[in-house]
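Chain residues, written in single-letter form:
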Amino acid sequence: MSNEIEIGRGKRGRRAYSFDDVAVVPSRRTRDPRQVSLAWQIDAFRFEIPVIGAPMDSVMSPETAIALGHHGGLGVLDLEGLWTRYDDPQPLLDEIATLSMDAATERMQEIYQEPIKDELIVQRLQEIRAAGVTVAGALSPQRTQEHYETVLKAGVDLFVIRGTTVSAEHVSVEAEPLNLKKFIYDLDVPVIVGGASTYQAALHLMRTGAAGVLVGFGGGAAQTTRTTLGIHAPMATAVADVAAARRDYLDESGGRYVHVIADGGLGRSGDIAKAIACGADAIMLGSALARAEEAPGHGYHWGPESYHSALPRGERVRVGTTGTLEEVLFGPGTRADGTTNIMGALRRSMATTGYSDLKEFQRVDVVVSPYQAG
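Here is a short report on the structure shown in this document.

The rules behind each value
Residues numbered from 1 in each chain as written. Predicted model: local features only at pLDDT ≥ 70, side-chain atom pairs only at ≥ 80, totals over all residues. Heavy atoms only, no water. Helix = DSSP H or I, 4+ residues; strand = E, 2+ residues; numbered from the N terminus. Rg over C-alpha atoms; globule rule 2.2 N^0.38 Å. Contact = heavy atoms within 4.5 Å. Areas by Shrake-Rupley, 256 points an atom, 1.4 Å probe, with all protein chains shown as cover. Lys, Arg positive; Asp, Glu negative; His and termini not counted. Charge placed at Lys NZ, Arg CZ, Asp CG, Glu CD. Phe/Tyr/Trp six-rings, centres within 6.5 Å; stacked < 30°, edge-to-face > 60°. Buried < 20%, exposed > 50% of the residue type's maximum accessible area, 1.4 Å probe, protein only. Lys NZ or Arg CZ within 6 Å of the ring centre and 35° of its normal. Polar contact = N/O pair within 3.5 Å; in protein donor to acceptor, adjacent residues only side chain to side chain.

### Remarks on the overall build of the chain
- Looking only at helices and strands, the chain has 14 helices and 16 strands in total.
- Relative to a compact globule of 374 residues, whose C-alpha radius of gyration would be 21 Å, the chain shows 20 Å and is just as compact.
- With the C-alpha coordinates aligned to their principal axes, the bounding extent of the chain is approximately 55 × 50 × 45 Å.
- Across the chain, contacts joining residues at least 24 apart in sequence account for 66% of those joining residues at least 6 apart.
- About 17100 Å² of surface is accessible on the chain, with carbon and sulfur atoms providing 47% of the total.
- For the chain, the centre of its 36 positive side-chain charges and the centre of its 47 negative side-chain charges are spaced 8 Å apart.

See below:
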């Protein structure tokens, strides 16, 4: 049965679903939540929870990356952010939290004009390594060629190439594009690449040798990509499509498993459960962690799209503060809105539907059940 809808006589479109449009279905079995494992492993690195802190200045500082690592997750530092542009970015973070909506974008564009300093990249990564947690840093595709040697010399365990969208076939007549396949082959650390939102795009990224693919385009809380570019990929469908690419690449490559990491549209614990149910191995969290008391954004959240010098495709948004990082991750929860004890909620969802680990939970039944507010 075709999933296409006729938009008009000359155009058809495939129906796609967001996390709000789907729901997980209980099975005949339930489990004790204490017997559920949330552990996740990529390459040689094992984590007790499938949470990656998004490389965004409102979410991850060296200190919060360390704290997330101690809680069993992985913090990724934005190596193009304030922490690698300024010796002490705290006054600027404080200022961003006080800006009016009308002034925020323009002032952030000014703040982020400060050049990236290689010595600060080294210093920040060494701070994280000294704390004894897994070290991960992120660069955009545009900056990777310029700074990756500094990053590798500083020492990272995992390297992330993250953009609004990342393609294995970028075409340019003005600049030499990043050759992902050669680049990843030459590195001696696992590389996570994204975002991708379609089966074919993800399959091409998997063929470059990436250890993981980030799934998401224009769906984050601080992004306005849909309104500025008209581009958006509903996350439930995007994750399921990329999971299908993972399955087919596993056969094509003779057994090489590439991890699918949902990145965007994951503001509440129910979204996290549905991302895993649709096929994600782990999740990259932005707004969900920006609500922690320790988060650098002081209850505000923004990404690199928000301060683009020519075409901002995001905004600084108010997400509020719901508790400490520990309370956001593990509780005790004081709200019933899916913003605290998010790992406890994932564990409860898996136990209620009868699954004992994340790979099993990917097989849970899902129904299309559009959410109706009110």
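### Notes on the packing of aromatic side chains
- Summed over the entire model, instances satisfying the criterion amount to 5 aromatic pairs.
- Between tyrosine 148 and phenylalanine 183, the aromatic rings sit 4.8 Å apart at their centres with planes inclined by 80°, giving edge-to-face as the arrangement. You can see tyrosine 148 sitting in helix H5 (residues 141–154) and its partner phenylalanine 183 sitting in helix H6 (residues 180–186), a full 35 residues away along the chain.
- Assessed through its relative accessible area of 7%, phenylalanine 183 is described here as buried.
- Ring geometry for phenylalanine 159 and phenylalanine 183: centres 6.0 Å apart, planes at 50°, overall tilted. Of this pair, phenylalanine 159 sits in strand E9 (residues 158–162) while phenylalanine 183 sits in helix H6, placing them 24 residues apart in sequence. Side by side, phenylalanine 159 and phenylalanine 183 carry an identical accessibility label, which is buried.
- A network of ring pairs unites the aromatic residues Tyr148, Phe159 and Phe183 as a single cluster.
- Just above the ring of tyrosine 300 sits the side chain of arginine 318; from NZ or CZ to the centre is 5.0 Å.

### Topic: the side chain of histidine 301
- Assignment of secondary structure puts histidine 301 in strand E14 (residues 300–301).
- Side-chain polar atoms of histidine 301 contact the side chain of serine 58, separated by 2.8 Å.

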